[in-house]
Amino acid sequence: MNPTEYGPGPEPCFTPGSPTKFVVPCSRVTPDSSADYLSGVNRVLNRGGRLVSLWGSWADERAPVLFSAFSDAEGLLLFRLGISALERTFPSIAFLFPLANRLERAVRDLYGWDPEGLPDPRPWLDHGLWTRPPMVPPGVSPAERPVREDSFSEDYRFVRVEGEGVHEIPVGPVHAGIIEPGHFRFQVVGEKVLRMEERFGFTHKGVRSLFRNRPLGEAISLAGRISGDSTVAYQTAFSDAVESATGSVPPLRARWIRSILLERERIANHLGDLGALGNDAGFGFGQIQFGRLKEEFLRTNQQMFGHRYLMDAVIPGGVFRDLGPGEITVLRKECSRVKEGVLELKTIYDEHGGLQDRFSGTGWLDPMLAGRWGLGGVVGRASGQMYDLRHTHPVPPYDKVRVPVSISRRGDVAARVQVRFQEIRHSLSFLDSVLESMPDGSFFNPLEESFSGSEGIGWVEGWRGEVLCWVRLGTGLTVLDAHCHDPSWILWPALEQTIPGNLVADFPLINKSFNLSYSGHDL
Amino acid sequence: MHKILLKIFRTGNLTEPLPVPAPPLEKPCSLARGSLSIRHVDAGSCNACELELHALNQSIYSPETLGIRFVASPRHADALLVTGPVTLAMKEALKATAGATPNPRAIIAMGDCAINGGVFRGSYAVAGGVAEVIAVDGQIPGCPPAPGQILAFLERLALPEPHP
Ligand code: SF4
């Protein structure tokens, strides 16, 4: 695709001279008007593009800006729409990309800009606790907290189903298990769910405001705590963004180590999920066995990278530490041990009638819908979608050591289990090859500091799906503004579509098979 | 079926001895008599603290062998284990959960966020550590605290008080 088709001013999203071969290609268009924006986005839809993220920014004195990111075969396409500081409205694109609905509502809550033409007037992140939109323009002192001190119970308008025998089950925010807070509203008849609706924002921590005017060192550690299970993906995307903004080139060896960390994060999470899925289907044996494999992985992480979940192992410019030859041998041995263990458990899972009975046909996500919405991640791939950045837009070392896309077309819980098994296998083979062919060199290059006011973007295939980070830097490597986008934004609405027709009792199993992030979504 | 049995047999007992004995509690707490039922509340964490609770709650650490159990309702709990900085949206829910826990009860703040807001301190959307909202009886520092540390703390809490 030629980005000129989408609007005026196609230019690279990065500072000139940026190491573009290390990040997914990105072009930026700057529509002059709302009408231009809409026709550009319309063209993206017609050319088969998909929505990645949408966010606001009010980082400098100039007028506020609305960003929306799409992807196509070429890479990322970023729309940068200036918003009139007086009118504070922007055209909604939810009629073209339905998944924009919650993202636009979040922009309305955070900035007070109105998405024109969005039929859904309900708040999303705001729980009726804010006296004004919390993201104030720069220069305005945020001294006064925009918070109601009186406790306020919000009356959120869920869509209700009426009819004989229909009743409603509210669940959350505090759940019965060890999971994050969120609210689910079920409309059921008997045991069958007619409709499920989500209400989130309980873990909203105001991360966007915390990024403002942060020294880089603090910002990267914050980025690694947006969704703890994806800390490597976030810190890699954030570092890519900073590197592309400053025109810095991380050493090749650092890219290799980052990919090792990323795949270790993927494997650890998949192991945990496979165990939990067994457990939720009444097969505690799975939980114990997979838990044991995962624990071994986490302990090795602790030993080599100083953190069980690899927090703060990736930093802008490279990685926190190098791997010695002895450690590489240990990691390779561990890979082959885990491979064997997983293979053995896969046979047990596959042959277990009771387990397969619970998995098969449960929580079916229509591949047609997944295609229309452009869903990626484990969930999208289990419903037949070929999206995997490691494969479609490989950056080193994924261009040298190829990872096949793990895919299933069945769309049920069983498919999501199978995709996880396949991905573990592929990641382990990948790790083995990468560990064998590590390039020499340093593991860190200091960042270029001779620049002022630049933007960069990073886009990484995390274990759950695509994580995107955008940063705007000021002088002295201060982060002026940053946005991180979790794949859960796009996948939570898909969960809603998956539940109707299932039994209430199957919800935990289906939810687990998605295993989406609340914290990453609520930000 | 035989594959499962064989695997169980070959795996053997995974439970490890308790790594480090925890220091005695500052404020001894006499609510437990060798058993402790815990209700976990996520007040807005990043979810890594939950990952460690899952890691804890299985056979390698095996808290149940020490009488420590995670329960589904605050009504059944001796202690609330709270993770994450308390977000404004979770403040009321946390208070309500604490209110539903019968006395005597202990409130434990787990993780740096629950102790003082951690990296999220100062945000408009965060009330701060758990102590800003309800009185806290004990703290488990770390980001996130490792399962061994959590277990050592909980074991100390579950111990029957020596009665002189
Ligand atoms: S203490 Fe660390 S791991 Fe726990 S919720 Fe806070 S940031 Fe996450």
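See the structure above.
This section reports on the structure supplied with the text. The shown structure was predicted, so the numbers you read here are calculated from the model rather than taken from an experiment. Here, residues in each chain are numbered from 1, in the same order as that chain's written sequence. Here every chain gets a letter starting at A, and every ligand a number starting at 1, in the order they are written. For this predicted model, a pLDDT threshold of at least 70 governs which residues receive local features, and a threshold of 80 or more governs which side-chain atom pairs are given and counted, while totals over whole chains, interfaces and linings are taken from all residues. To obtain the side-chain values, all non-hydrogen atoms of the structure were included, while hydrogens and water were left out.

**A short note on the overall build of chain B**
Applied cut-off: Working definition: helices are DSSP H or I runs of at least four residues, strands are E runs of at least two. Numbering for both runs from the N terminus. Only protein chains enter the calculation, and the probe is 1.4 Å; a residue is then buried if its accessible area is under 20% of its type maximum, exposed if over 50%, and partly exposed in between. Contacts were defined at the residue level, with two residues in contact if any of their heavy atoms lie within 4.5 Å. Accessible surface area values rest on a Shrake-Rupley calculation with a 1.4 Å probe, where residue burial reflects the displayed protein chains alone.
Along its length, chain B carries five helices and seven strands. Along chain B, helices (α) and strands (β) appear in the sequence α-β-α-β-β-β-α-β-α-β-β-α when read from the amino end. Expressed as a percentage of the 164 residues in chain B, the buried residues total 56%. Considering only residue pairs separated by 6 or more positions, chain B has 84% of its internal contacts joining residues 24 or more positions apart. As displayed, chain B offers around 7100 Å² of accessible surface, 56% of which is attributable to carbon and sulfur atoms.

**Things to note about the pattern of salt bridges**
All names here are of chain A. The condition is simple: The term salt bridge refers to a side-chain nitrogen of Lys or Arg lying within 4 Å of a carboxyl oxygen of Asp or Glu.
Enumeration according to the criterion identifies 44 salt bridges over all chains in this entry. For Arg-253, the salt bridge identified is with Asp-322, shortest N-O distance 2.8 Å. Within this pair, whereas Arg-253 is found in helix H6 (residues 252-280), its partner Asp-322 is found in the loop between strand E13 (318-319) and helix H8 (325-351), the two being separated by 69 residues in sequence. Here Arg-253 falls in the buried class, since its relative accessible area comes to 9%. Here Glu-423 and Arg-381 are joined by a salt bridge, their closest N and O atoms 2.8 Å apart. Of this pair, Glu-423 sits in helix H13 (residues 413-436) while Arg-381 is found in helix H11 (residues 377-381), placing the two residues 42 residues apart along the sequence. Overall, the relative accessible area of 0% leaves Arg-381 in the buried class. Salt bridges here are not isolated pairs; linked through shared partners, they connect Glu-263, Arg-266, Arg-381, Asp-388, Arg-390, Glu-423 and Glu-461.

**Considering the environment of Arg-214 of chain A**
Residues and elements named next belong to chain A. Note on placement: Arg-214 falls in strand E11 (residues 214-215). A C-alpha to C-alpha distance of 30 Å links Arg-214 and Ile-179, two positions 35 residues apart in sequence. If we skip the residues at most four places from it in the chain, Arg-214 touches Ala-219, Leu-477, Thr-478 and Val-479.

**Some details on unusual backbone geometry**
In most cases, non-glycine residues show a negative phi, while peptide bonds are predominantly trans. In this structure, the amide linkage connecting Gly-172 of chain A to the following residue, Pro-173 of chain A, adopts the cis form with an omega of 15°. Within the fold, Pro-173 of chain A resides in the loop between strand E8 (166-171) and strand E9 (183-189). Backbone torsion omega between Cys-143 of chain B and Pro-144 of chain B reads -15°, so that peptide bond is classified as cis. Topologically, Pro-144 of chain B is positioned in the loop between strand E7 (138-140) and helix H5 (147-158). Look at Asp-312 of chain A: it is not a glycine, yet its phi comes out positive at around 65°. In this structure, Asp-312 of chain A sits in the loop between helix H7 (284-305) and strand E12 (314-315). Taking relative accessible area as the criterion, Asp-312 of chain A reaches 29% and is therefore assigned partly exposed. The phi angle at Asn-47 of chain B is positive, at roughly 90°, despite the residue not being glycine. Of the residues examined, Asn-47 of chain B reaches a relative accessible area of 4% and is grouped as buried.

**What to know about the environment of Tyr-234 of chain A**
Residues and elements named next belong to chain A. We apply this condition: Between N or O atoms, a polar contact is any pair within 3.5 Å; within protein, one atom must be a potential hydrogen donor and the other a potential acceptor, and residues adjacent in sequence are included only when both atoms are from side chains.
Along the chain, Tyr-234 falls in helix H5 (residues 231-246). Apart from residues no more than four positions distant in its own chain, Tyr-234 is found in contact with Ala-223, Ile-226, Ser-227, Val-467, Cys-469, Cys-484, His-485, Asp-486 and Gly-520. In this structure the side chain of Tyr-234 is engaged in a polar contact, spanning 2.6 Å, whose partner is the side chain of Asp-486.

**Some details on the sheet that holds strand E16 (residues 478-485) of chain A**
Residue and element names in this part refer to chain A. In plain terms, the rule: Two strands qualify as a pair provided that DSSP identifies no fewer than 2 bridges between them. Angular values range over 0 to 180 degrees, each being the angle between N-to-C directions of two axes fitted as lines to C-alpha atoms, with helices fitted over their stretch in contact.
In spatial order, the strands read E11-E16-E15-E14; together these four strands make up an open sheet with antiparallel pairing. In this open sheet, the two strands that pair with only one neighbour each are E11 and strand E14 (454-461). Where E11 meets E16, two bridges bridge the pair, whose relative direction is antiparallel. Bridge pairing links Pro-215 to Thr-478 in E16. In the packing of H5 onto the sheet, contacts are made with E14, strand E15 (466-474) and E16, and the angle to E14 comes to roughly 145°.

**Focus: the pairing of strand E5 (residues 75-82) of chain A**
All names here are of chain A. Of all eight residues making up E5, seven are buried, and the element is well covered by its neighbours. Two strands pair when backbone bridges link them, and strand E2 (residues 26-29) and E5 are joined in this way by four bridges, in the parallel orientation. If you follow Cys-26 over to E5, its bridge partner there is Leu-76. Pairing of strand E4 (residues 65-72) with E5, which is carried by eight bridges, proceeds in the antiparallel orientation. Bridged to Phe-70 within E5 is Leu-77.

**Some words on the site of the ligand**
Cut-off, in case you're wondering: Residue proximity to a molecule or strand is established when one non-hydrogen atom of the residue lies within 4 Å of it.
The immediate surroundings of the ligand are formed by Arg-225 of chain A together with Ser-45, Cys-46, Ala-48, Cys-49, Gly-111, Asp-112, Cys-113, Gly-142, Cys-143 and Pro-144 of chain B. Flanking the ligand are residues from chains A and B. When residues of the shell around the ligand are traced back to their parent elements, those giving at least two are helix H2 (48-56) and helix H4 (112-116) of chain B.

**Here we look at the interface of chain B and chain A**
Stated precisely, the cut-off is as follows: In short, buried area is how much 1.4 Å probe accessible area vanishes from two parts on joining, totalled over both. Here the term charged refers only to Asp, Glu, Lys and Arg, the term nonpolar to Ala, Val, Leu, Ile, Met, Phe, Trp, Tyr, Cys and Pro, and the term polar to all other amino acids, Gly among them.
Counting from both sides, the interface comprises 52 residues of chain B and, opposite them, 56 residues of chain A. Taking both sides of the interface into account, the surface hidden between chain B and chain A amounts to around 4300 Å²; carbon and sulfur atoms contribute 62%. For the pair chain B and chain A, the interface holds five salt bridges. A salt bridge links Lys-7 of chain B to Glu-344 of chain A; the shortest N-O distance between them is 3.0 Å. Here the element with the most residues in the side of chain B that touches chain A is H2 of chain B; it accounts for seven residues. The residue makeup of the side of chain B that touches chain A, split by class, is 29 nonpolar, 13 polar and 10 charged.

**Regarding the packing of H6 of chain A against H7 of chain A**
Between two packed helices, what matters for the description is the angle formed by their axes and the separation of those axes. Residues and elements named next belong to chain A. Counted only if it meets this: Comment on the angle field: the value is read as roughly parallel under 35 degrees, roughly antiparallel over 145, roughly perpendicular from 65 to 115, and oblique elsewhere. Crossings are assigned a handedness: left-handed for a near helix turned anticlockwise from the far helix by less than a right angle, right-handed for a clockwise turn.
One can describe the packing of H6 onto H7 by two numbers: an axis separation of 7 Å at closest approach and a directional angle of 160°. With respect to H7, the element H6 is oriented roughly antiparallel. Here the hand of the crossing between H6 and H7 comes out left-handed. Listed contacts from H7 to Ile-257, Leu-261, Arg-264, Ile-267, Ala-268, Leu-271, Gly-272, Leu-274, Gly-275, Ala-276 and Asn-279 of H6 are Gly-284, Gly-286, Gln-287, Phe-290, Leu-293, Lys-294, Phe-297, Leu-298, Thr-300, Asn-301 and Phe-305. A breakdown of the residues in the contact of H6 with H7 according to their chemical character gives 12 nonpolar, eight polar and two charged.

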